[in-house]
Amino acid sequence: MPKPKVKNRHLPPRMIMRSYTNKQGGVWVSYYYEHPRDAAGKRKVIPLGEDLAVAKQKWAALEGKPIPTNPTTVRGVWELFIAWAAIPAKSGLSPRTIYDRTKYWKQLNLVFGEYPINELKPEHMLPYFNARSSQVGAKKELKFLGTMCNWARARGFMNAANPTTGLMRGLKVKEGRDIYVPDMDLELVYKHAGDVIKDCLDLALLTGQRPTDTRQMRWDQIKEGNLEIAQEKTNAKLRIAIVGELASVLARIRSRGVLGLTILSDPKGQPLKEFGYFKSQFKKARDAAEEEAAEKGIPFTRFQFRDLR
């Protein structure tokens, strides 16, 4: 084992630092990996460079240890950010927010992953925006890049200005969906839907909630004749009276016998996710409705489940 360090105890074992002050007062610093002395008493020293973060990565490779995150690159900051985000008590971020930001990162990583975060500039943002096939997606991705830069600046990983500041308003895109679902189109989908999708459609229409909040409604949230929920996106707390059609729909779901923790569940009683059973069954019903509309020669809007809200 290497001897305990007397100087530079912030460095890992076998990493040494050498510095030199020139006549102008400038200080030069570089890092090295120091091998154990050989049989002849000589020691081999390998240069690791002048950047401490990079030097630690090279040191880890020589020691056969996991390579530490390099916080000087955009990817390094992302790795630190997502590790922080994964602890809800610290970040306060919902699973859906983490999912969305992971999706944004996949695109950002292709362009900015290895870029030094302190060298990001505003003039790098517009070419990225223009090159993306989905400019709605590009704007969301750049907005998240700005969020990540602010996170890095607050923690000392970035000292340059946020490159997205003041740019978002200039990126004009139509972000919101403005689709009206005619009653006839909804009735066609409902006609071809299975019991689970019919339950989803009814519950979403009667409560007016977002798809995620609708799928996550639980039986234990029914208290004293009300359905009490907390919206995932806004954390707003709502109390919906269980009367009329809503009471009938809940009674219909209960009567089937297979109940899960959530009010809406698949035939095995498992909660509905955004993808998988829910997505495939809704698409199946919508495709059948569209085919029938085409056969009858009537218009049909290929709407998404979220458009019902």
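So, here is what we can say about the structure in this document.

What counts and how
- Once a new chain begins, its residue numbering starts again from 1 and follows that chain's sequence as written.
- It should be noted that, the model being predicted, local features are given only for residues of pLDDT at least 70 and side-chain atom pairs only at 80 or more, the latter also being counted only at that level, while totals for whole chains, interfaces and linings use all residues.
- For the side-chain quantities, the full set of heavy atoms in the structure was used; hydrogens and water were omitted.
- For the purposes of this entry, the term helix denotes a DSSP run of H or I that reaches at least four residues, the term strand denotes a run of E that reaches at least two, and both are numbered from the N terminus.
- We take the radius of gyration over the C-alpha atoms and set the globule estimate at 2.2 Å times the residue count to the 0.38 power.
- Throughout, exposure labels follow a simple rule: accessible area from a 1.4 Å probe, protein chains only, divided by the maximum for the residue type, with under 20% read as buried, over 50% as exposed, and the rest as partly exposed.
- Should any heavy atoms of two residues lie within 4.5 Å, those residues are counted as being in contact.
- Per-residue and other accessible areas were derived by the Shrake-Rupley procedure at a 1.4 Å probe size, with only the shown protein chains allowed to occlude residues.
- Asp and Glu are treated as the negative residues and Lys and Arg as the positive ones, with His and the ends of the chain left uncounted.
- Where a charge sits is defined by one atom per residue type, namely NZ (Lys), CZ (Arg), CG (Asp) or CD (Glu).
- By definition here, a salt bridge exists when the distance from a side-chain nitrogen of Lys or Arg to a carboxyl oxygen of Asp or Glu is within 4 Å.
- For patch detection, residues must exceed 30% relative accessible area and be free of salt bridges, and they are connected within 9 Å for like charges or within 5 Å for nonpolar side chains (Val, Leu, Ile, Met, Phe, Trp, Tyr).

1. A short note on the overall build of the protein chain
For step 1, the next point in the chain: Regarding its fold elements, the protein chain presents 11 helices and 6 strands.
For step 2, the next point in the chain: Since a compact globule built from 309 residues should have a radius of gyration of about 19 Å, the 28 Å found for the protein chain marks it as more spread out than a globular shape.
For step 3, the next point in the chain: Once the C-alpha set of the protein chain is aligned to its principal axes, its extents read approximately 90 × 45 × 35 Å.
For step 4, the next point in the chain: Evaluated residue by residue, the protein chain yields a buried proportion of 36% over its 309 residues.
For step 5, the next point in the chain: In the protein chain, of all internal contacts separated by at least 6 residues, the share reaching a separation of at least 24 is 49%.
For step 6, the next point in the chain: Total accessible area on the protein chain stands at roughly 18,800 Å², and carbon and sulfur atoms take up 53% of it.
For step 7, the next point in the chain: The average position of the 53 basic charges and that of the 33 acidic charges among the side chains of the protein chain differ by 11 Å.

2. A look at the pattern of salt bridges
When the charged atoms of two side chains with opposite charge come close together, those side chains can pair.
For step 1, the next point in the chain: Enumeration over the complete set of coordinates arrives at 17 salt bridges.
For step 2, the next point in the chain: Linking Arg132 and Glu141 is a salt bridge whose minimum nitrogen-to-oxygen distance equals 2.8 Å. Each of the two residues, Arg132 as well as Glu141, counts as buried.
For step 3, the next point in the chain: In this structure, Lys283 and Asp287 form a salt bridge, with 2.9 Å as the shortest nitrogen-oxygen distance. Of this pair, Lys283 and Asp287 are both found in helix 11 (residues 277-296), 4 residues apart, which corresponds to roughly one turn of the helix.
For step 4, the next point in the chain: Judged by relative accessible area, which is 41%, Lys283 ranks as partly exposed.
For step 5, the next point in the chain: Overall, Asp287 belongs to the partly exposed group, its relative accessible area being 26%.
For step 6, the next point in the chain: Through salt bridges that share partners, Asp195, Asp199, Asp202, Arg252 and Arg256 make up one connected network.

3. A look at the side chain of Arg215
For step 1, the next point in the chain: Take Arg215: it is sitting in helix 9 (residues 211-215).
For step 2, the next point in the chain: Contacts of Arg215, omitting those with residues within four sequence positions, involve Thr262, Leu264, Leu272, Lys273, Glu274 and Phe278.

4. Focus: a positive patch on the surface
For step 1, the next point in the chain: Judged by side-chain charge, Lys103, Lys140, Lys233, Arg306 and Arg309 come together as a positively charged surface patch.
For step 2, the next point in the chain: Along the chain, Lys233 turns up in the loop between strand 5 (226-230) and strand 6 (237-241).
For step 3, the next point in the chain: A relative accessible area of 68% places Lys233 in the exposed class.

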